[in-house]
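Commentary on secondary and tertiary structure
Here's the letter readout for the chains.
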Amino acid sequence: MNNLIFWFGVSTGISLVATVQYLVSLREQHQQPTTISTSYKNVPEKSQKQSNEKNLSAVATRPSSPIRGTLLASLDQQLTVTSSKLQKIVLHMVSEFKKGLQNDNEQLAMIPSYVVNRPTGKETGVYLALDLGGTNFRVCRVNLEGYGNIRMNHAKYTISEELKTGTGAQMFDFIADCVAAFCRDNNIPTDNHISLGFTFSFPVLQTAINKGTLTHWSKGFTCSGVVGVDVVDLLQLAFDKKGLKINIKALVNDTVGTLVTHAYTDPQTYIGVILGTGTNAAYVEKSHNIPKWNRDDGEVIINTEWGAYNEPSILPLTTWDRNIDRHTSNPKQQIFEKLISGLYLGEIVRNILVDLIKAGELFSGNGSPALNIPYQFDTAYMSRIERDHSLSLSDTRQLLEDVLNVPNTSYDDRRIVKHVCELVGTRAARLSAAGIAALVTKINRLDACTVAIDGSVYEHYPHFGNRMRDALQEILGITAQNIVMEQARDGSGQGAALIAALA
Ligand code: ADP
Ligand code: MG
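Residues numbered from 1 in each chain as written. Chains lettered and ligands numbered in written order. Predicted model: local features only at pLDDT ≥ 70, side-chain atom pairs only at ≥ 80, totals over all residues. Heavy atoms only, no water.

Here His-92 shows up in helix α5 (residues 83-102). On the basis of relative accessibility, which here comes to 17%, the residue His-92 falls in the buried class. There is a polar contact of 2.7 Å between the side chain of His-92 and the side chain of Tyr-309. Apart from residues lying up to four places away in sequence, His-92 is in contact with Tyr-309, Glu-311 and Ile-314. (Helix = DSSP H or I, 4+ residues; strand = E, 2+ residues; numbered from the N terminus. Buried < 20%, exposed > 50% of the residue type's maximum accessible area, 1.4 Å probe, protein only. Polar contact = N/O pair within 3.5 Å; in protein donor to acceptor, adjacent residues only side chain to side chain. Contact = heavy atoms within 4.5 Å.)

The topology assignment puts Arg-350 in helix α12 (residues 342-358). Here Arg-350 falls in the buried class, since its relative accessible area comes to 7%. Polar side-chain contacts of Arg-350 include one of 3.3 Å to the backbone oxygen of Ile-373. Non-local contacts of Arg-350, meaning those with residues more than four positions away in its chain, are made with Leu-371, Asn-372, Ile-373, Pro-374, Tyr-375, Gln-376 and Phe-377.

The environment of ligand 1 is made up of 16 residues, and the closest members are Thr-135, Thr-277, Asp-378, Ser-383 and Ser-456. In isolation ligand 1 offers 580 Å² of accessible surface; the protein chains occlude 82% of this area. Elements supplying a minimum of two residues to the shell around ligand 1: α12, α13 (379-386) and α16 (456-460). Residues of the shell around ligand 1, tallied by class, amount to three nonpolar, 12 polar and one charged. (Near = heavy atom within 4 Å. Areas by Shrake-Rupley, 256 points an atom, 1.4 Å probe, with all protein chains shown as cover. Nonpolar A, V, L, I, M, F, W, Y, C, P; charged D, E, K, R; others polar.)

Before going further, it helps to examine the nonpolar core. Nonpolar side chains in soluble globular proteins generally cluster together in the buried interior. One finds Ile-271, Leu-356, Ile-436 and Met-468 to be the most contacted residues of the largest nonpolar core, which totals 106 residues. Per-element accounting of this core gives the leading share, 16 residues, to helix α15 (residues 411-442). Setting aside residues up to four positions removed in sequence, Leu-356 forms contacts with Leu-71, Leu-72, Leu-75, Glu-361, Leu-362, Ile-416 and Val-420. Counting 39 residues, the second-largest nonpolar core is a separate cluster that includes Leu-130, Tyr-157, Cys-183 and Val-232. (Core = buried A, V, L, I, M, F, W, Y, C linked by side-chain atoms within 4.5 Å.)

Per-residue confidence for the chain gives a mean pLDDT of 87; residues scoring 70 or more make up 86%. Of the regions scoring below 50 in pLDDT, residues 1-67 engages in 93 contacts with residues more than four places distant in sequence or in other chains. (pLDDT = per-residue confidence, 0-100.)

Tracing the sequence through the fold places Tyr-114 in the loop between β1 (111-112) and β2 (124-132). Judged by relative accessible area, which is 23%, Tyr-114 ranks as partly exposed. In sequence terms Tyr-114 and Glu-299 are 185 residues apart; their C-alpha atoms lie 9.6 Å from each other. For Tyr-114, the residues in contact, after removing those within four places along its chain, are Gln-206, Thr-207, Ala-208, Ile-209, Trp-293, Arg-295 and Val-300. In this structure the side chain of Tyr-114 is engaged in a polar contact, spanning 3.3 Å, whose partner is the backbone oxygen of Thr-207.

Once that is clear, we can look at the sheet that holds strand β10 (residues 279-286). Ordered by their spatial adjacency, six strands build an open sheet running β1-β11-β10-β9-β12-β13, and the pairing between neighbours is mixed. Only two strands of the sheet have a single neighbouring strand rather than two, namely β1 and β13 (483-487). With five bridges joining them, strand β9 (residues 269-275) and strand β12 (residues 449-454) adopt parallel strand pairing. Paired with Ile-271 across the strands is Val-451, a residue of β12. Packed on one face of the sheet, helix α17 (residues 464-476) meets β9, β12 and β13 and runs near 165° to β13. (Pairing = 2+ DSSP bridges. Axes fitted to C-alpha atoms, helices over the stretch in contact; angles between N-to-C directions.)

This part covers helix α4 (residues 70-79). Among all positions in α4, only Leu-71, Leu-72, Leu-75, Asp-76 and Leu-79 are buried. Axial view of α4: buried residues confined to an arc of 155°, hence all on one face. (Arc of directions from axis to C-beta.)

What follows concerns unusual backbone geometry. A positive phi is found at Tyr-147, a non-glycine position, where the angle reads about 50°. Take Tyr-147: it is sitting in the loop between β3 (136-146) and β4 (149-158). With phi around 55°, Glu-305 is a residue other than glycine that occupies positive phi space. With respect to the secondary-structure elements, Glu-305 resides in the loop between β11 (299-303) and α10 (319-326). Looking at Glu-305, the relative accessible area reads 6%, which means it is buried.

Here it is in structure tokens:
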């Protein structure tokens, strides 16, 4: 009977949450009530169906002493962002957006990108584009074919920890080397001033379409000699040293590139969001709404730098978040980013698991050396665990036992780990949705707006988009249906070329 109702709910499009809640209520009517309120609304369908009862009792009955289970029982409450909390965040973010448009040096930088035109879809030509995002560096050849068509090929290079924390000169020399190699491999001449767009996804105070100084590093980068310097000058210098005659036409934030790329095919695109190593968003603003910019007509794309959002009285920070922040290279900065983005999500989960182990509530108190190493638990592991729909969570077992060398895991242990991932991943998705709701509210586009989203977390983390949509609905009600969130794959690379074309 339960199974029937479950599949009926799913197949008729009734929300999974409602179906699961109904199932749980049925179960509670017929059985002993559970002693712990555990949110299972994000459990994937199959494992939910197969082990709903088992899971609930697994977590609920686990504590065998007054101390064991205490931390576990508090997790839901600590990591759940309620609808009313989301509403508060939205209202407060809108006021911070306005402050940032008014003055320099506010919490949200609200940087005019100098991109004052959106593409028409008719732009054409061959361009080089660079995309330095935080984890990967890509060199791309972008062929704008007009009619909204773009063809692109690219090569990907990994930025080592040494490069991230070395000197700026080393970093830009590396970039120039990659460009030289890519052009050689693809027969692109480097002696005729081909136009290039540079996507540099760090907080840059832009002073022209191809000029901007880095205000501070984020996402674990600390390269010396770059803060306060024009990054286009540094790139040009590195090109000159190698005799590469390339014309750097545009300096672009990945959010702006994502927005512009999507607008090439969908003119309703007013917002671009990144959910990757870090998080950030850009949107289209009317110039007369930007007092600090002194231009009255037209519109410009604003890079919000929303990752810096931080209101301690509103953001739901836990002791784990504070602890992680304290040990980063930029403490007390980029707090919103540290709750949401790929660089940090796995680390939050790892910190929680370590505390559960210490409290004797997980793996019978036995961890592993790998689990004790900061940033060893990649956010991609969370995706893998959340995607594990097997009856015994066998892939989760393999990850925990074979990759992270935890000596022995029980089914209950694996359920707990999965639940921690669900909580941390859901919190991130809901906070991202709050940011989007705040932007849509700010520009008063509740009637129709497309949000273009790029980044591996949005692309690969299962349920992330659905959780964002649920939260958006809780915040905006029925109006949320007018907000279309779309994957804008490769926006960061293609956008740089498009903006170079527009420039
Ligand atoms: P960048 O930020 O450099 O543009 P990406 O958009 O690819 O690069 O984001 C990289 C981040 O995404 C890393 O922090 C990584 O942990 C995370 N990530 C990579 N693969 C996955 C995945 N399958 N699920 C969730 N997060 C992932
Ligand atoms: Mg990127």
